[in-house]
Amino acid sequence: MSAQWESWLFLAAILAVALFGKNRSLIIAVLVVAAVKLLPFSDKIFATVGAQGINWGVTVISVAILVPIATGKIGFAELLNAFKSPAGYIAVGCGILVAILSAKGVGLLAASPEMTVALVFGTILGVVFLKGIAAGPVIAAGITYTILTVLHQLPAGIK
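All figures in this text were calculated on a predicted structure; none of them were measured in a lab.

**Q** I would appreciate a short explanation of a nonpolar patch on the surface in the present structure.
**A** Together, F76, L79, F83, Y89, V92, I96 and I100 line one region of the surface with nonpolar side chains, adding up to about 730 Å² of accessible area. Contributions of two or more residues to the nonpolar patch are made by α4 (76-82) and α5 (86-111). Top contributing element to the nonpolar patch by residue count: α5, with four residues. Within the element layout of this structure, F83 appears in the loop between α4 and α5. Since its relative accessible area comes to 36%, F83 is described here as partly exposed.

Here is the structure:
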């Protein structure tokens, strides 16, 4: 089977799983990718999205997170209140940890692109069957990096 047909079959399988799991975000993502794939210049679009898509996604998420600050729903008082409880300190620590894991994950994905397949598959399973959100491949890569570091199994070229 040619790589072209295999990619369509793979997308169709993901769409079927997304429909079965009633995951609207994944359904839309597959349909958008399939529509772009039909365009004559899709290779250029995919190269750009592949190289910059995660950064764009992080930017969109950052904008969404900043909206309550911009609308005045969250101010300095709420920030200070976050430091008045153990939960606030835990949240700050988890934010730092996720940022570090994500940075390591991006490095791992860049050095070992074949891991992307397993991470994407795991993300799809988590999204569809466990009602998760597909925001985790980079964090999953960071966790993978950490586990591989502990097991001394990092691929060559990773620090």
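Once you've had a look at it, read on.
**Q** What should I look at first to understand the packing of helix α1 (residues 3-20) against helix α2 (residues 24-37) in this one?
**A** At a minimum axis distance of 9 Å, the contact between α1 and α2 shows a crossing angle of 160°. One way to sum up the angle between α1 and α2 is to call them roughly antiparallel. Crossing of α1 over α2 shows left-handed handedness. Contacts between α1 and α2 involve Q4, S7, W8, L11, I14, L15, A18 and L19 from the former and L26, I27, V30, L31, V33, A34 and K37 from the latter.

**Q** Hey, could you run me through helix α3 (residues 42-70) in this one?
**A** In an α-helix, one turn spans 3.6 residues, which is why side chains three or four residues apart end up on the same side. For α3, which comprises 29 residues, the first-to-last C-alpha distance of 37 Å sits more than 12% below the rise-based estimate of 42 Å (1.5 Å per residue). At Q52, α3 shows its maximal kink, close to 55°. Where α3 ends, the next residue or the one after it, G72, has phi of about 85°, a positive value.

**Q** What exactly am I supposed to notice about the packing of aromatic side chains here?
**A** The description of two aromatic rings rests on the distance between their centres and on the angle between their planes. Inspection of the entire model under this criterion finds two aromatic pairs. An angle of 55° between the planes, with centres 6.1 Å apart, marks the rings of F20 and F129 as tilted. Pair noted here: F20 is in helix α1 and F129 is in helix α6 (residues 115-129), with a separation of 109 residues, a long-range link. Ring centres of F83 and Y89 lie 5.5 Å apart, and the angle between their planes is 65°; on these two criteria the pair is classed as edge-to-face.

**Q** Even after reading the chapter, I still don't get the environment of I139, so can you show me in this structure?
**A** Topologically, I139 is positioned in helix α7 (residues 137-150). Under the relative-accessibility criterion, I139 is labelled partly exposed at 26%. Distance from I139 to G105, taken between C-alpha atoms, is 6.2 Å for residues 34 residues apart in sequence. Among all residues touching I139, those that are not within four sequence positions of it are V98 and S102.

**Q** Honestly, the packing of α1 against α6 in this entry has me stumped. Any pointers?
**A** Where α1 contacts α6, the axes come no closer than 9 Å and their chain directions differ by 25°. For the element pair α1 / α6, the angle class is roughly parallel. Between α1 and α6 the crossing geometry is right-handed. Contacts between α1 and α6 involve I14, V17, A18 and F20 from the first element and I124, V128 and F129 from the second. For the contact of α1 with α6, the class distribution of residues is seven nonpolar, no polar and no charged.

Rules of the game
- Residues numbered from 1 in each chain as written.
- Predicted model: local features only at pLDDT ≥ 70, side-chain atom pairs only at ≥ 80, totals over all residues.
- Heavy atoms only, no water.
- Patch = residues over 30% accessible without salt bridge, like charges linked within 9 Å, V, L, I, M, F, W, Y side chains within 5 Å.
- Areas by Shrake-Rupley, 256 points an atom, 1.4 Å probe, with all protein chains shown as cover.
- Salt bridge = Lys/Arg side-chain N within 4 Å of Asp/Glu carboxyl O.
- Helix = DSSP H or I, 4+ residues; strand = E, 2+ residues; numbered from the N terminus.
- Buried < 20%, exposed > 50% of the residue type's maximum accessible area, 1.4 Å probe, protein only.
- Axes fitted to C-alpha atoms, helices over the stretch in contact; angles between N-to-C directions.
- Parallel < 35°, antiparallel > 145°, perpendicular 65-115°, else oblique.
- Left-handed = near helix turned anticlockwise from the far one by under 90°.
- Contact = heavy atoms within 4.5 Å.
- Expected span 1.5 Å × (residues − 1).
- Bend = angle between axes of the 7 residues up to and from the residue.
- Phe/Tyr/Trp six-rings, centres within 6.5 Å; stacked < 30°, edge-to-face > 60°.
- Nonpolar A, V, L, I, M, F, W, Y, C, P; charged D, E, K, R; others polar.

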